[in-house]
Amino acid sequence: MARDYYEVLGVGRDASADEIQQAFRQSARRHHPDVNRDPAAEERFKEINEAYQVLSDPETRRRYDRFGPDFRKIPEDYDERVGAGSGAGGSRGGPFRRGGVRVEDVSGGFGADGGINIDDLFGGMFGGRYGAAMPGADQEAELTLSVEEAYRGGRRGISLGGGSVSRDYTVDIPAGVTDGQRIRLAGQGGRGRDGAAAGDLYLVVRVKPDRRYRLSGRDITVDLPVTPWEAALGASVPVPAPGGTVKVTVPPGSSSGRRLRLRGRGMPNPKGTPGDLYAEVRIMVPRSPSDKERELFEQLAAASSFDPRRRT
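To start, this report covers the structure provided alongside it.

## Observations concerning the overall build of the chain
What the chain contains, in helices and strands, is ten helices and 13 strands. For the chain, the residues scored as buried account for 38% of the 312 residues in total. Taking all contacts inside the chain whose residues are at least 6 apart in sequence as the whole, residues at least 24 apart take part in 52%. Only carbon and sulfur atoms are counted for the fraction: they give 48% of the accessible area of the chain, which is about 18100 Å².

## A short note on helix α2 (residues 17–31)
Here α2 is 15 residues long and its end C-alpha atoms lie 21 Å apart, about the 21 Å a rise of 1.5 Å per residue gives. Turning to α2, its buried residues number three or more, namely I20, A23, F24, S27, A28 and H31. Along the axis of α2, the buried positions cluster into a sector of 125 degrees, meaning they face one direction only. Facing away from the buried side of α2, by more than 90 degrees, are the exposed residues D18 and R29.

## Some words on the environment of V54
Summarising the element assignment, V54 is placed in helix α3 (residues 41–55). Sequence separation between V54 and Y64 is ten residues, and the spatial gap between their C-alpha atoms is 7.6 Å. Discounting residues that sit within four places of it in the chain, V54 has contacts with Y5, T60, R61, Y64, F71 and R72.

## Comments concerning the sheet that holds strand β13 (residues 277–283)
On the basis of which strands lie adjacent, the open sheet formed by four strands has the order β8-β9-β13-β12 and mixed pairing. Each of the sheet's edge strands pairs with one partner strand only, and the pair in question is β8 (214–216) and β12 (259–262). Strand after strand, the sheet turns through a mean of 30 degrees between neighbouring axes, direction not considered. As paired strands, β12 and β13 are joined by four bridges and run antiparallel to one another. Looking at the pairing, L260 lines up with A279 of β13.

## Observations regarding the nonpolar core
Membership of the largest hydrophobic core comes to 36 residues, with the highest contact counts inside it found for V171, L203, L224, V239 and L277. With sequence-adjacent residues up to four places away left out, V239 is seen in contact with V222, L224, G244, T245, V246, V248, L277 and A279. Membership of the second largest hydrophobic core comes to 20 residues, among which are Y6, L9, F45 and L55.

## Considerations on the pattern of salt bridges
Here the structure, examined in full by the defined rule, presents 21 salt bridges. A salt bridge links E50 to R206, with the shortest nitrogen-to-oxygen separation between them at 3.3 Å. Of this pair, E50 sits in helix α3 while R206 sits in strand β7 (residues 201–207); the two residues are 156 residues apart in sequence, bridging distant segments of the chain. Relative accessible area serves as the criterion here: at 14%, R206 is assigned to the buried category. What emerges from the salt-bridge pattern is a single network uniting R214, D223, R259, E280 and R282.

## Looking at the packing of aromatic side chains
By the definition in use, this model includes four aromatic pairs. Consider the rings of Y6 and Y64, whose centres lie 6.1 Å apart with planes at 40 degrees: the pair is tilted. Pair noted here: Y6 is in helix α1 (residues 5–9) and Y64 is in helix α4 (residues 58–67), with a separation of 58 residues, a long-range link. In this structure Y64 comes out as buried when scored by relative accessible area, which is 2%.

Rules of the game
Sequence order sets the numbering: in each chain, residues are counted from 1 along the sequence as written. Per-residue local features are limited, in this predicted model, to residues with pLDDT of at least 70; the limit for side-chain atom pairs, both in listing and counting, is 80 or more; totals at the level of whole chains, interfaces and linings are taken over all residues. With hydrogens and water set aside, each side-chain value is computed from the structure's full complement of heavy atoms. Here a helix means four or more residues in a row that DSSP labels H or I, a strand means two or more in a row labelled E, and each is numbered from the N terminus. Summary of the burial criterion: residues with accessible area below 20% of their type's maximum are buried, those above 50% are exposed, and those between are partly exposed, where the area comes from a 1.4 Å probe applied to protein chains only. What makes two residues a contact is simply this: any of their non-hydrogen atoms within 4.5 Å. Accessibility throughout is a Shrake-Rupley quantity obtained with a 1.4 Å probe, and a residue counts as covered only by protein chains that appear here. Residue count minus one, scaled by 1.5 Å, sets the expected span of a helix. By arc we mean the arc of the directions from the helix axis to the C-beta atoms, nothing more. Paired strands, as defined in this entry, are two strands with at least two bridges between them according to DSSP. Comment: axis = line fitted to C-alpha atoms, over the contacting stretch for helices; angle = value between 0 and 180 degrees taken between N-to-C directions. By nonpolar core we mean a set of buried residues, namely Ala, Val, Leu, Ile, Met, Phe, Trp, Tyr and Cys, connected to one another through side-chain atoms within 4.5 Å. Salt bridges are counted wherever a side-chain nitrogen of Lys or Arg sits within 4 Å of a carboxyl oxygen of Asp or Glu. Centres within 6.5 Å make a pair out of two Phe, Tyr or Trp rings, where for Trp the six-membered ring is used; the pair is then stacked when the planes are under 30 degrees apart, edge-to-face when over 60, and tilted otherwise.

What follows is the structure, given as structure tokens:
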């Protein structure tokens with residue numbers, strides 16, 4: 001059974017949006033594959049990111065609170081389909097009931113893992129008992145993208161299933177799509193009963209971890225290796241980014257860990273403000289300095305009174 005998203009982030013079910021965001025940032029930093037070398041860290045990081053994507057969106061969180069881990073299998077127009085509020089078997093106040101039993105209480109949930117087939121349940125109620133057509137259920141599949149693919153977007157062909165039941169689709173991926181975002185393919189879900197419309201297919205985006213880029217929402221952080229003299233004197237340095245290399249000005253006196261912000265150069269946002277690109281300074285020294293380099297470093301050591309360990 002899928003872990004509870006609140007448990008994954010270590011927050012209570014009444015947690016505020018700010019508390020959820022803070023818990024996500026702390027957990028993501030601790031389990032990011034670039035920071036945590038534990039082989040299980042990458043999967044843990046994906047789990048944390050998925051939990052945040054669900055709980056940070058008010059509407060998605062409401063559906064998760066109502067239907068539990070299988071909320072994506074429930075059609076988004078569920079209340080209309082079951083006649084919510086009209087006494088036809090549903091209520092906006094809580095999970096769907098039949099015969100006084102909450103569906104989510106039976107065998108742990110919906111679908112094959114939970115022991116209840118939602119199509120059979122709906123079909124038995126409406127197709128058999130009431131003789132009404134039943135729209136098809138919404139379905140879900142994962143769409144894995146690299147950071148560059150998510151950044152650029154564009155049209156892409158995908159194949160779902162396998163063998164004789166494989167189905168091919170052409171998907172328009174929005175530029176700047178984020179991990180956990182869903183792309184809707186109207187009418188490509190489960191077949192309807194008695195001539196009713198098919199459900200929709202939702203592709204859940206999964207952005208693959210990348211050692212070059214660290215994503216936080218639409219913001220991107222990259223490491224910026226610089227020489228000691230570039231850090232001390234300042235320099236204009238190229239920075240790798242998903243959209244192509246950009247230049248950043250390193251101010252004089254920059255130490256490792258300093259974050260340089262390039263506004264609007266993060267992930268695009270078709271509906272609003274794009275994210276930012278952060279270049280994090282990393283001072284690098286020659287692994288095997290030449291005789292001349294060693295001589296110059298020794299001269300600098302003799303001439304400089306700078307002590308980074310001395311508290312000021």
